[in-house]
Amino acid sequence: MRVVVIGTGHVGLVTCGTLAALGHEVVGTDADQEKISRLQSGILPFHEPDLDALVEEQAKDGRLGFTDDASEAIPNADVVFICVSTPPRSTGEANLVAVEQAVRLVGHQASGRTVVVEKSTVPAGTAQRIRHVLLQEGNGVRKELEVVSNPEFLREGSAVRDSLEPDRILVGAERDWAFGVMRELYAPLIANGARLIETDINTAELAKHASNAFLALKISYANALARICERAEADVVAVAEVMGADPRIGPDFLRAGLGYGGSCFPKDLQAFQHLAASLHYDFPLLREIGRINDEAIEATLEKVRAGLWNLEHKRVVLLGLAFKPGTDDVRFSPPLALAARLLDGGATVVGHDPQAMANAKEECPGLLASTDPYEAAEGAHCLVVCTEWPEFRSLDLRRLRDVMAQPFIVDARNLFEPEEILAAGFSYQPTGRPGSP
Ligand code: UDX
């Protein structure tokens, strides 16, 4: 099938590579001409494991191309994916300006029967808006443009795998022929065992927000447990293990730490709260998820203060700046929120991250950065583990201790085991677990 993907960000570019790998003819387009010209030269705008190889292979095989002029590709498309960003407004409501611009382009340019797919996370009820705009832009010409919701469930750092081996494919539509097009589009994945769930559009749009909010709830529940464990001298990692052994709970997303970040959970929670309010349903639980997440950063800051007394004239190293391992993405990144709090307190803050340093320095100008963790730790009074990059586990602890002014580690992601850190001669404060007295 002929597919156009509007928006070549984390979701759009993975969608381009995946659909081309399924055998479709895919054209990716974006309003950012610089991004498109770099993609045409095989340069991706962000780090995502396996994505550059996937895009390169599909482009080489002639199934994937990029253009900054969507009017070339949309008229012949069978399916057009809307993969533009939907960032939160100051009110928390999802900003759908880019969605409207993309939809107007499709309404104007599409010729024959075309499925218009909402891939970006949008609040329930957006499809009605899209339908209306498609009709407006159709200039009165009767076009068969059918809106479908097909939310993404990609995790950064494993997006290619999540896309090629999805837990489920969710399709919300109103007409049989649109369901038929989507079944044909994803036929290889369905034949490979992927579960296809078909619903009406509102249900599919809402299920995405509901899923992300629940995942964030699990994380905040674990972080609230960490606060209680710190007071009860219990071990939140062990508590989570006990809970996760119950198949009704499951072990995933119960890791207490510095809290969730990224381009999805924070904005989707705000958008879901706004949607609930717009439907006149008060949903205080969603506010609590965000409050507990913010609290996790304050709790870590307090651990640093308790060990340093004053922050002025102190050097603090942040190991990890990305919102999670496996990505260079620092959007809503908890490590940068902590950096800002430490800088406000008068500390000198040095960050080290395998992938995210350039993005982090752009986002947090006061942050120093070092490509070498031992250089970053020189003369440091505290080292905070902020992102659980696996390579940090093999750091030479004794070398770290020798270069630091004060051998003090706050492990905001429980990356290490207390015994090994204490044995290496550090004062150690983990998260939700007993540390140094
Ligand atoms: C998430 C959802 O998982 C995905 O389904 C959706 O499509 C997009 O949003 P992503 O934000 O890329 O994916 O990463 P994820 O692995 O979900 O982690 C989100 C945040 O939660 C990260 O900051 C991570 O560090 C944090 N997290 C995750 C925890 O703090 N504890 C956990 O147990 C799991």
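Now for a description of the structure that goes with this document.

### Focus: the sheet that holds strand 13 (residues 408-411)
Part 1 of the argument: The parallel open sheet is built from six strands, whose spatial order is 11-10-9-12-13-14. Two strands in the sheet have a free side with no partner beyond their single neighbour: strand 11 (368-369) and strand 14 (427-429).
Part 2 of the argument: Pairing geometry for strand 9 (residues 315-319) and strand 10 (residues 348-352), over five bridges, is parallel. Counterpart to V316 in the pairing with strand 10 is V349.
Part 3 of the argument: In this fold helix 12 (residues 284-308) packs onto strand 9, strand 12 (382-385), strand 13 and strand 14, with an angle of close to 165 degrees to the strand it touches most, strand 13.
Part 4 of the argument: The sheet strands contacting helix 13 (residues 334-344) are strand 9, strand 10 and strand 12, and the helix crosses strand 9 at an angle near 175 degrees.

### Notes on the packing of helix 5 (residues 126-137) against helix 9 (residues 201-232)
Part 1 of the argument: For the pair helix 5 and helix 9, the least separation of the axes is 9 Å and the interaxial angle reads 125 degrees. Relative to helix 9, the element helix 5 is oriented oblique. Across the interface between the two elements, T126, A127, Q128 and R131 from helix 5 touch I201, N202 and E205 from helix 9.
Part 2 of the argument: For the contact of helix 5 with helix 9, a count of residues per class yields two nonpolar, three polar and two charged.

### Concerning the site of the ligand
Part 1 of the argument: Taken together, 19 residues surround the ligand, and among them E156, K208, R255, F323 and K324 come closest.
Part 2 of the argument: For the ligand, an oxygen atom lies 3.0 Å from a polar atom in the backbone of G261.
Part 3 of the argument: Here an oxygen atom of the ligand sits 2.9 Å away from a polar atom, N or O, in the side chain of K324.
Part 4 of the argument: Coverage of the ligand by the protein amounts to 95% of the 660 Å² it exposes when considered alone.
Part 5 of the argument: A per-element tally of the shell around the ligand places helix 9 first, with three residues.
Part 6 of the argument: In the shell around the ligand, the residues fall into nine nonpolar, three polar and seven charged.
Part 7 of the argument: Counting contributing residues, the shell around the ligand receives three or more from each of domain 1 (2-199) and domain 2 (201-437).

### Digging into helix 2 (residues 33-40)
Since there are 3.6 residues in each turn of an α-helix, residues three or four apart along the chain are aligned in direction.
Part 1 of the argument: Where helix 2 starts, the residue carrying a side-chain oxygen 3.0 Å from the main-chain nitrogen of E34 turns out to be D32.
Part 2 of the argument: Where helix 2 terminates, the next one or two residues include G42, which has phi positive at roughly 85 degrees.

### Looking at the pattern of salt bridges
Part 1 of the argument: One pass over the structure, following the stated rule, counts 29 salt bridges.
Part 2 of the argument: E137 is the partner of R104 in a salt bridge, and the nearest nitrogen-oxygen pair spans 2.8 Å. One end of the pair, R104, is in helix 4 (residues 97-109); the other, E137, is in helix 5, with 33 residues separating them in the sequence.
Part 3 of the argument: On the basis of relative accessible area, R104 is assigned to the partly exposed category, the value being 25%.
Part 4 of the argument: Here E230 makes a salt bridge to R227, at a shortest N to O gap of 3.1 Å. Remark: R227 and E230 occur in helix 9; sequence separation between them is three residues, near one turn of the helix.
Part 5 of the argument: In this structure E230 comes out as partly exposed when scored by relative accessible area, which is 26%.
Part 6 of the argument: The buried category is assigned to R227, whose relative accessible area is 7%.
Part 7 of the argument: Several salt bridges share partner residues, and in doing so they unite K60, D61 and R63 into one network.

### Focus: helix 4
Part 1 of the argument: Its 13 residues give helix 4 an end-to-end C-alpha distance of 18 Å, which sits within 8% of 18 Å, the value for a rise of 1.5 Å per residue.
Part 2 of the argument: For helix 4, the set of buried residues is V99, A102, V103, V106 and G107. The buried residues of helix 4 occupy an angular sector of 135 degrees when projected down its axis, which confines them to one face.
Part 3 of the argument: In this structure, the buried residues of helix 4 make contact with strand 1 (2-6), strand 4 (79-82), strand 5 (114-118), helix 5 and strand 6 (145-149).

### Some remarks on the pairing of strand 13
Part 1 of the argument: Covered by surrounding structure in strand 13 are F408 and V410 together with I409 and D411, the residues of both alternating faces.
Part 2 of the argument: Examined bridge by bridge, strand 12 and strand 13 share three bridges and lie parallel to one another. Across the sheet, the residue bridging to V384 is V410, located in strand 13.
Part 3 of the argument: Assessed by its sense of winding, the connection that carries the chain from strand 12 through helix 16 (residues 397-403) to strand 13 is right-handed.

### Considering the environment of D176
Part 1 of the argument: Relative to the elements of secondary structure, D176 occurs in helix 7 (residues 176-185).
Part 2 of the argument: Taking the relative accessible area as the measure of exposure, D176 reaches 65% and is therefore exposed.
Part 3 of the argument: Residues D176 and T371, 195 residues apart in the sequence, show an inter-C-alpha distance of 54 Å.

### Considerations on the packing of aromatic side chains
Each aromatic ring pair is described using two quantities: the centre-to-centre distance and the angle formed by the ring planes.
Part 1 of the argument: Counting across every chain of the model gives four aromatic pairs.
Part 2 of the argument: Look at Y260 and F265: their rings are 5.8 Å apart centre to centre, the planes differ by 85 degrees, and that puts the pair in the edge-to-face class. Across the pair, F265 and Y260 agree in class, each one buried.
Part 3 of the argument: When the centroid spacing of 5.7 Å and the interplanar angle of 70 degrees are considered together, the rings of Y281 and F283 count as edge-to-face.
Part 4 of the argument: With relative accessibility at 52%, the residue Y281 sits in the exposed group.
Part 5 of the argument: Given a relative accessible area of 24%, F283 falls into the partly exposed group.
Part 6 of the argument: The cationic tip of R113 hangs over the ring face of W177; the distance from NZ or CZ to the ring centre is 4.1 Å.

Cut-offs and rules
Residues numbered from 1 in each chain as written. Predicted model: local features only at pLDDT ≥ 70, side-chain atom pairs only at ≥ 80, totals over all residues. Heavy atoms only, no water. Pairing = 2+ DSSP bridges. Helix = DSSP H or I, 4+ residues; strand = E, 2+ residues; numbered from the N terminus. Contact = heavy atoms within 4.5 Å. Axes fitted to C-alpha atoms, helices over the stretch in contact; angles between N-to-C directions. Parallel < 35°, antiparallel > 145°, perpendicular 65-115°, else oblique. Nonpolar A, V, L, I, M, F, W, Y, C, P; charged D, E, K, R; others polar. Near = heavy atom within 4 Å. Polar contact = N/O pair within 3.5 Å; in protein donor to acceptor, adjacent residues only side chain to side chain. Areas by Shrake-Rupley, 256 points an atom, 1.4 Å probe, with all protein chains shown as cover. Domains from an automatic or database assignment. Salt bridge = Lys/Arg side-chain N within 4 Å of Asp/Glu carboxyl O. Buried < 20%, exposed > 50% of the residue type's maximum accessible area, 1.4 Å probe, protein only. Expected span 1.5 Å × (residues − 1). Arc of directions from axis to C-beta. Right-handed = clockwise from strand over helix to strand, strands pointing away. Phe/Tyr/Trp six-rings, centres within 6.5 Å; stacked < 30°, edge-to-face > 60°. Lys NZ or Arg CZ within 6 Å of the ring centre and 35° of its normal.

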